[in-house]
Amino acid sequence: MANKINLNPLAEELNEILSQSLAGQFLSDLGTRLYFPKGIIAQSGEAKKHSKIANATIGMAVKNGKPLILNALKDQLPGFESQEIVAYSPTAGIEELRKEWRDAIIRKNPSLKGVSMSLPVLVPGLTAGLSYLSDLFLDEDSVLLTGNPAWDNYVLIVEARRNSRLKGFSLFKDNGFDITGFEATVKEEAKSGTVRMLLNFPQNPSGYTPTKRETAEIVRVLMETADSGAKIMVWSDDAYFGLDYEDDIEPESLFAKLANAHENILAIKIDGPTKEDYVWGLRTGFITFASKGMKEEHYDALIKKLMGAIRSSVSCAATPSQSLMLHMLGHPESEAEKTEFRKLLEERYRVVRKFIDAHKDHPVLSALPFNSGYFMSMKCTGVGAEELRVKLLHDHGIGTIAIDPSHLRVAFSSVDTEKLEMVFEVIFQTAIKIVETKNR
Ligand SMILES: Cc1ncc(COP(=O)(O)O)c(C=O)c1O
């Protein structure tokens, strides 16, 4: 626990509110200390609404009510007001955008209709969102469960940055999600009284999303564990949401299944336009909270904690990115274009699927289950993934990723469709050649 003497009264106030809710049970020391100051940002927000004569609150240069802007910038973005480009944004993001994103989440996950959840908070990318959640909820003795193998940034954020423990559970068994392993891991962890978990579907690096049946099983395990009295927090990293290429996949986010499931389950959604809307460099993402027992005042307090994390690190996310996003979301052609882009990715998936299905008995490479997203990964037997990666790059000019000593990841999303079959031929042949040379 944080030393109470050092707590700011505003932090104490938020802690008091949150102690009446499930979220309060998960706060880290840092989370306990965080608050949103009633300082410049809050006072300036108040002045924005009520100052009739002059607003002398914010550190920007303003003329006739508009921020000054250099022509070199303005000329490049003719459709935008200076306010939309150079002004500071609110700490939690532009409200209109947050509301649009919330509506989009509900549209994409119809079972969230009518469910109580927080307004999404805008963060500078999903990575930042994960990092802030780690600030709020992870201490040195915390364990965060996640599927193995996982995106390499998880361990950097959770272990290197927060000094907590990222504990992997094996994701797959018999060509699908390993529900038995998952159940054993969750129930073992529940003995400590709390379970913190980060799930990411479509998954990086495997490219797997659980089927409808598997998702129902995941929910069953979590509900049973919650029924037993354990407090559970599930972070759904939905970076690749919507890119599912097989009919049996669960189309809704796990967040939607858990948002109103149980008083002992806190569901948190980390998502954003990075991959969903093809804007990798825009650096915007969202965090949304939902739990059956939580009320508006609890969400407000949690959001203020998160705003404290944002204010004390980047202050606020970039305004041009948010303005561009608002224009993009409201543009009449965006949905049709996204459908086309998605089709392209699915077409690439089909090529890879066909190749992998035709090479099931390969002695060196075996694909992990995959059905969605940007990637697929292969387990390497008899050859190190790094050795294979280096050989592919230097002898054949093909770039891949060695995830760990025994898994090679291929991002089929970034290879032109017509090259994919050749790329996989080379990967498979090179793997065999390395093993044959060793055995000679
Ligand atoms: C699983 C997963 N989550 C989050 C991200 C990062 O998203 P952002 O670029 O918005 O930080 C990635 C990007 O590779 C990812 O694979």
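Residues numbered from 1 in each chain as written. Predicted model: local features only at pLDDT ≥ 70, side-chain atom pairs only at ≥ 80, totals over all residues. Heavy atoms only, no water.

A. Quick look at the sheet that holds strand 15 (residues 407–411). In spatial order, the strands read 12-13-15-14; together these four strands make up an open sheet with antiparallel pairing. Either end of the sheet is taken by a strand with one partner, and the two such strands are strand 12 (365–367) and strand 14 (401–404). Sheet twist, expressed as the average angle between the axes of neighbouring strands with direction ignored, equals 35 degrees. Examined bridge by bridge, strand 12 and strand 13 (residues 375–380) share three bridges and lie antiparallel to one another. Bridging from a neighbouring strand, S366 pairs with K379 of strand 13. (Pairing = 2+ DSSP bridges. Helix = DSSP H or I, 4+ residues; strand = E, 2+ residues; numbered from the N terminus. Axes fitted to C-alpha atoms, helices over the stretch in contact; angles between N-to-C directions.)

B. Focus on the site of the ligand. Of all residues adjacent to the ligand, which total 13 residues, the nearest are T127, N204, D237, Y240 and T274. Within the side chain of Y240, a nitrogen or oxygen atom sits 2.6 Å from an oxygen atom of the ligand. Between an oxygen atom of the ligand and a side-chain N or O atom of T274, the distance comes to 2.6 Å. Taking 400 Å² as the accessible area of the ligand by itself, protein coverage stands at 92%. Those elements that place two or more of their residues in the shell around the ligand are helix 7 (126–137) and helix 12 (273–276). (Near = heavy atom within 4 Å. Polar contact = N/O pair within 3.5 Å; in protein donor to acceptor, adjacent residues only side chain to side chain. Areas by Shrake-Rupley, 256 points an atom, 1.4 Å probe, with all protein chains shown as cover.)

C. How the structure looks around helix 9 (residues 179–190). Its twelve residues give helix 9 an end-to-end C-alpha distance of 16 Å, which sits within 8% of 16 Å, the value for a rise of 1.5 Å per residue. When helix 9 is considered as a whole, its buried residues turn out to be I179, F182, E183, T185, V186, E189 and A190. Along helix 9, the residues classed as buried sweep out an arc of 165 degrees about the axis, all on the same side. On the buried face of helix 9, the contacting elements are strand 4 (143–148), strand 5 (165–170), strand 7 (176–177), strand 8 (194–200) and helix 10 (212–227). (Expected span 1.5 Å × (residues − 1). Buried < 20%, exposed > 50% of the residue type's maximum accessible area, 1.4 Å probe, protein only. Arc of directions from axis to C-beta. Contact = heavy atoms within 4.5 Å.)

D. Examining the side chain of S134 more closely. Of note, S134 is situated in helix 7. The exposure class of S134 is buried, given its relative accessible area of 1%. Here L130 takes part through its backbone oxygen, which lies 2.8 Å from a polar atom of the side chain of S134. S134 has contacts with I157, V158, R162 and W235, leaving out every residue within four places of it along the chain.

E. Structural detail: the nonpolar core. Membership of the largest hydrophobic core comes to 127 residues, with the highest contact counts inside it found for F137, F182, L222, W235, F289 and F424. Among the elements that take part in this core, helix 17 (residues 417–439) stands out by supplying nine residues, more than any other. Three or more residues apiece are contributed to this core by two domains, here domain 1 (4–36 + 91–330) and domain 2 (335–439). For W235, the residues in contact, after removing those within four places along its chain, are L130, L133, S134, F137, L138, L144, M197, L198, L199, I268 and I270. (Core = buried A, V, L, I, M, F, W, Y, C linked by side-chain atoms within 4.5 Å. Domains from an automatic or database assignment.)

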